[in-house]
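# Chains, contacts and geometry: an overview
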Amino acid sequence: MNDIMQSAIERTSQIIEDRRHIHRNPELSFQEHETCAYISRRLESMNIQHSIIAKTGIIALIGSGERCIALRADIDALPIEEETNLEFASCKKGIMHACGHDAHTAMLLGAASILKEREQSLKGTVKLLFQPGEEKVPGGASIMVAEGALENPKPDIIFGQHVYPDAPCGEVQISIGPTMASADELYWTIHGKGAHAAQPHQGIDPILIASELILHLQSLITKSRNPLLPGVLGITSIHGGSATNIIPEMVEMKGTLRSFDPEWREKVMIMIKEHSEQLCAMHGATCEVTILRGYPAVHNHEGAATFAINTAKGLFGEAGVTNFEPKMWGEDFAYYGQHIPAAFWMLGVRPHDQHSMPGLHNAKFTPDEQALPYGAAMMSKIAIDWLENNE
Ligand code: NI
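Conventions used here
- Residues numbered from 1 in each chain as written.
- Predicted model: local features only at pLDDT ≥ 70, side-chain atom pairs only at ≥ 80, totals over all residues.
- Heavy atoms only, no water.
- Buried < 20%, exposed > 50% of the residue type's maximum accessible area, 1.4 Å probe, protein only.
- Helix = DSSP H or I, 4+ residues; strand = E, 2+ residues; numbered from the N terminus.
- Pairing = 2+ DSSP bridges.
- Axes fitted to C-alpha atoms, helices over the stretch in contact; angles between N-to-C directions.
- Contact = heavy atoms within 4.5 Å.

### So, the pairing of strand β16 (residues 342-350)
Among the nine residues of β16, nine are classified as buried, and the element is accordingly described as predominantly covered. Neither face of β16 is open: one carries A342, F344, M346, G348 and R350, the other A343, W345, L347 and V349, and all of them are buried. Bridge count for strand β6 (residues 172-174) against β16 is two bridges, and the pairing is antiparallel. Within β16, the position partnered with Q173 by the bridge is M346.

As structure tokens, then:
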């Protein structure tokens, strides 16, 4: 067995302890004060130099020298009421680590310990980013970058990982290029004119207009986009009216726009706004469209992703590394990739004796803790290998 893998396995109980502590004490995006303090204490105990960034984030440094590789873990939880019945289930009502960021944090602490032990032989600097607020726009990553996470020292490359319920423990999935989509939030308010439903000529029916608008926007998405480029518009919420015999004043809708193509994303945002306003105006209604710009798409840098594939093959064998089929999910890791080469891989956490398990953001999400040393090994090995290969 690879000696890094061996070191990771030796640390399994500590990684599990960290993960369970963080799991039991989840905190929402940008409120990760206790989590931040816990990470700081753990780094302190390992004698690892670190500092606070973005209020509840931490940057830690191991090694020295000009070449620098960054490793990122997100640390926030979700507003979900946990239903796992685990002995270390969330002690906070309505808050849960349902996206595995507890595992990401624990695995990076495990990697920190492995790297600290080998600090003298590192051929450069490893920068650890414990990042708050992945789950909430504008995304902790954008704040970390704005506050200088990628300066002093400036990393040459960055890697991140995410637990993945669709792959078994011991498997890594990664793609070169498109990995996760940009994700924007859309809000519509259509103002019509209320009336008795028996006298439609005296009102302006926002429900009928909303119906037309939904169909129109789906056509717009289909016809404004190169069919070889993926794109999604989901209208996921519609509210209006209260009785069988009243035309309401107003309808509110919400939705999400997802894409891998920044040019089309910009163009279609403008078109959605203009078409919505014009279609409503045609009926004598008005429409306010608010677009909350979310994260850009994650595109894995070819060199970085290829490096990660080779590291993963070295640890898990050829069969342990498979191609990740891009998803229209969002991930604020994208912000790092706008500045330096970046790659993001998925770490299998499905128990071997199960064919499926509850997915990410599910109240029953329970990653197999056997995967934790694998993720710690991946993080530490890629840092050691990359610094050796880029001395
Ligand atoms: Ni996540």
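### Points about the sheet that holds strand β8 (residues 182-191)
Sheet strands associate in pairs through backbone hydrogen bonding, adopting either a parallel or an antiparallel arrangement. Read across the open sheet, the four strands follow the order β10-β12-β8-β13; overall the sheet is antiparallel. Only two strands of the sheet have a single partner each, and these edge strands are β10 (231-240) and β13 (286-292). On average, adjacent strands in this sheet sit at an angle of 20° to one another, irrespective of strand direction. Where β8 lies against strand β12 (residues 250-259), ten bridges are found, and the strand directions are antiparallel. From the neighbouring strand, T189 faces β12, where its bridge partner is E252. Helix α6 (residues 206-223) contacts β8, β10 and β12 of the sheet and is inclined by roughly 175° relative to β10. Contacting β8, β10, β12 and β13, helix α7 (residues 262-282) runs over the sheet at an angle of about 160° to β12.

### So, the sheet that holds strand β15 (residues 321-323)
An order of β1-β2-β4-β3-β5-β16-β6-β15 is seen for the eight strands of this open sheet, with the pairing classed as mixed. Each having just a single partner strand, β1 (49-53) and β15 make up the two edges of the open sheet. If you compare each strand with its neighbour and ignore which way they point, the axes differ by 30° on average. Relative to strand β4 (residues 125-131), strand β2 (residues 57-63) runs antiparallel, the two sharing six bridges. Across the sheet, residue L61 finds its bridge partner in β4, namely K127.

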